[in-house]
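Here are the chains, one letter per residue:
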Amino acid sequence: AQAEGGRLSRFYTPELNGQLLEQFQLEQALRHGLEHDELLLYYQPRVDIRSGEILSLEALVRWNHPDWGLIEPGRFIPLAESTGLILELGPVVLKAACKQIKAWQASGVPVVPIAVNLSAKELYQDALSAKIEEIMADASVDPQQLEIEITESATMHSVNKAVEILSSLRSLGLALAMDDFGTGHASLSYLNQLPMQTIKIDRSFLVKIDVHTEEPAQQGATIVKAIIGLGLNLGLKIIAEGVETLPQRDFLIEHGCDVAQGHLFSLPLPADKIEPLLRAGS
Ligand code: C2E
Ligand code: CA
Ligand code: CA
Ligand code: CA
């Protein structure tokens, strides 16, 4: 057994100190960035898997730091969640999406609905639907022009609460998608209870359907088939995420998934790069 001093020194290592300091600096910088308009949205098309037509877009936040450059959400969303800053970031993202819709409408761009991601912390905050309603009203954006993506695991923190909150979002007229489906172990009866219109098949399963000879490949294919079957049976729309290859696309078509998102079709792009695609329809 280790002495008390030994334990302490195990916790207060210079490395851990460095990490904490780095986290703290990152938090301060993000706070500053939120106040100084450093966050912006990229958009990834969700396409008709056969024609490539753009059906909707997913808004994916980026942080354009003056010194560090463009930072991916994987670097700061977890921190925003653990510090509560996500409650400030969420409205910034939603407002930016609304503003983009209005800007495109004003310049005659054929607009498609924009899906916005919501973290668990945001989902369970007080008066969420009133806040979203207010943002939409201020921007005069119709709920039909937006969609909310919530991860499967976020809905599972508290099932009854989630049903209640999602129902209130739904009654605002917002479409709801369950993100990263298949990774959160939601039970079937529970899935049926949630007022979702769409499920998004997590990329991790798609990755595994490419190499048809390997064991994991078989598992991936089985899971993707099962999710598509389940979704179709429940009358849900299905979006496959992270489609990168033609074999993946062909597999999805063969098994009845009509909508996809992924590098095969388009990377997430800034608004000015998305605009010509919307004008062209794909
Ligand atoms: P997500 O919602 O599951 O978003 C999909 C992620 O997969 C995006 O990463 C997207 O760029 C990436 N992706 C799309 N197609 C492909 C592909 O074919 N191959 C590969 N390898 N990746 C692909 P991104 O933009 O880095 O976002 C990461 C995560 O950060 C998102 O995962 C989401 O959980 C979170 N996030 C992004 N924007 C927001 C936001 O505005 N609010 C909140 N709360 N979370 C956000
Ligand atoms: Ca998402
Ligand atoms: Ca996802
Ligand atoms: Ca994900």
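Structural notes, computed from the coordinates. Here the structure is a predicted model, which means the values were calculated and not measured.

1. Notes on the pairing of strand β7 (residues 198-201)
So, step 1. Side chains T198 and K200 of β7 all project onto a buried face; the interleaved residues I199 and I201 project onto the opposite face, where all are buried too.
So, step 2. Summarising the sheet, strand β6 (residues 175-181) and β7 pair through three bridges and their orientation is parallel. Note that in β7 the partner of F181 across the bridge is I201.
So, step 3. Handedness of the crossover is the feature at issue here: the chain leaves β6, passes through helix α9 (residues 188-193), returns alongside β7, and the resulting connection is right-handed.
So, step 4. Two elements, β7 and strand β8 (residues 237-240), share four bridges in a ladder whose sense is parallel.

2. Some details on the pattern of salt bridges
Any two side chains of opposite charge can pair if their charged atoms end up close together.
So, step 1. Throughout the structure, instances matching the rule amount to 11 salt bridges.
So, step 2. Ionic pairing is found between E147 and R46, a salt bridge with its closest N-O pair at 3.3 Å. You can see E147 sitting in strand β5 (residues 146-151) and its partner R46 sitting in strand β1 (residues 39-48), a full 101 residues away along the chain.
So, step 3. The closest approach of N and O atoms between K200 and E58, which form a salt bridge, is 2.9 Å. Here K200 is found in strand β7, whereas its partner E58 is found in strand β2 (residues 54-65), with 142 residues between them in sequence.
So, step 4. We classify E58 as buried; its relative accessible area is 4%.
So, step 5. Each of the salt bridges in this network shares a partner with another, and the network as a whole consists of R46, E58, E147, E149, K200 and E241.

3. Considering the site of ligand 1
So, step 1. Around ligand 1 sit 23 residues, and of these R62, S119, D179, E244 and H263 come closest.
So, step 2. One of the backbone nitrogen or oxygen atoms of V61 is found 3.1 Å away from a nitrogen atom of ligand 1.
So, step 3. In isolation ligand 1 offers 800 Å² of accessible surface; the protein chains occlude 81% of this area.
So, step 4. Where the shell around ligand 1 is concerned, the elements lending two or more residues are β2, α3 (73-83), α4 (86-106) and β6.
So, step 5. For the shell around ligand 1, the leading source of residues is β2, giving four residues.
So, step 6. Grouping the constituent residues of the shell around ligand 1 by class yields eight nonpolar, six polar and nine charged.

4. A few points about the coordination of the calcium ion (ligand 2)
So, step 1. Looking at the metal site, the calcium ion (ligand 2) is ligated by E58 (OE), N117 (OD1), E149 (OE) and D179 (OD), spaced 2.2 to 2.3 Å from it.
So, step 2. Considered as a linear motif, the donors of the calcium ion (ligand 2) on their single chain read E-x58-N-x31-E-x29-D.
So, step 3. Here the calcium ion (ligand 3) and the calcium ion (ligand 2) are spaced 4.0 Å from one another, each receiving a donor from D179. One end of the pair, N117, is in strand β4 (residues 114-118); the other, D179, is in strand β6, with 62 residues separating them in the sequence.

5. A few points about the coordination of the calcium ion (ligand 4)
Four donors placed tetrahedrally around a metal ideally meet at 109.5 degrees, and six donors placed octahedrally ideally meet at 90 or 180 degrees.
So, step 1. The coordination sphere of the calcium ion (ligand 4) contains the protein donors D180 (OD) and D180 (OD), at a distance range of 2.9 to 3.0 Å.
So, step 2. Here the calcium ion (ligand 4) and the calcium ion (ligand 3) are spaced 3.5 Å apart, linked through D180, which binds each one.

6. So, the environment of G33
So, step 1. The topology assignment puts G33 in helix α2 (residues 14-35).
So, step 2. Residue classification places G33 among the buried positions, given a relative accessible area of 0%.
So, step 3. Sequence separation of G33 and W63 is 30 residues, and the distance between their C-alpha atoms is 7.8 Å.
So, step 4. Setting aside its immediate chain neighbours within four residues, G33 contacts E38, L39 and W63.

7. Re the pairing of β6
So, step 1. For β6, the buried fraction is high: five of the seven residues fall into the buried class.
So, step 2. Here β5 pairs with β6 via five bridges, running parallel. Note on β6: the bridge partner recorded for E149 is A177.

8. Looking at unusual backbone geometry
In terms of backbone geometry, most residues other than glycine have negative phi values and most peptide bonds are trans.
So, step 1. With a phi close to 55 degrees, A127 is a non-glycine residue in the positive phi region.
So, step 2. Here A127 lies in the loop between α5 (120-123) and α6 (128-139).
So, step 3. The backbone of S140 sits at a positive phi, close to 40 degrees, despite the residue not being glycine.
So, step 4. Positionally, S140 belongs in the loop between α6 and β5.

Here is what the cut-offs are and how they apply
- Residues numbered from 1 in each chain as written.
- Chains lettered and ligands numbered in written order.
- Predicted model: local features only at pLDDT ≥ 70, side-chain atom pairs only at ≥ 80, totals over all residues.
- Heavy atoms only, no water.
- Buried < 20%, exposed > 50% of the residue type's maximum accessible area, 1.4 Å probe, protein only.
- Helix = DSSP H or I, 4+ residues; strand = E, 2+ residues; numbered from the N terminus.
- Pairing = 2+ DSSP bridges.
- Right-handed = clockwise from strand over helix to strand, strands pointing away.
- Salt bridge = Lys/Arg side-chain N within 4 Å of Asp/Glu carboxyl O.
- Near = heavy atom within 4 Å.
- Polar contact = N/O pair within 3.5 Å; in protein donor to acceptor, adjacent residues only side chain to side chain.
- Areas by Shrake-Rupley, 256 points an atom, 1.4 Å probe, with all protein chains shown as cover.
- Nonpolar A, V, L, I, M, F, W, Y, C, P; charged D, E, K, R; others polar.
- Donors = N, O, S within 2.8 Å, 3.2 Å for Na, K, Ca; no water.
- Contact = heavy atoms within 4.5 Å.

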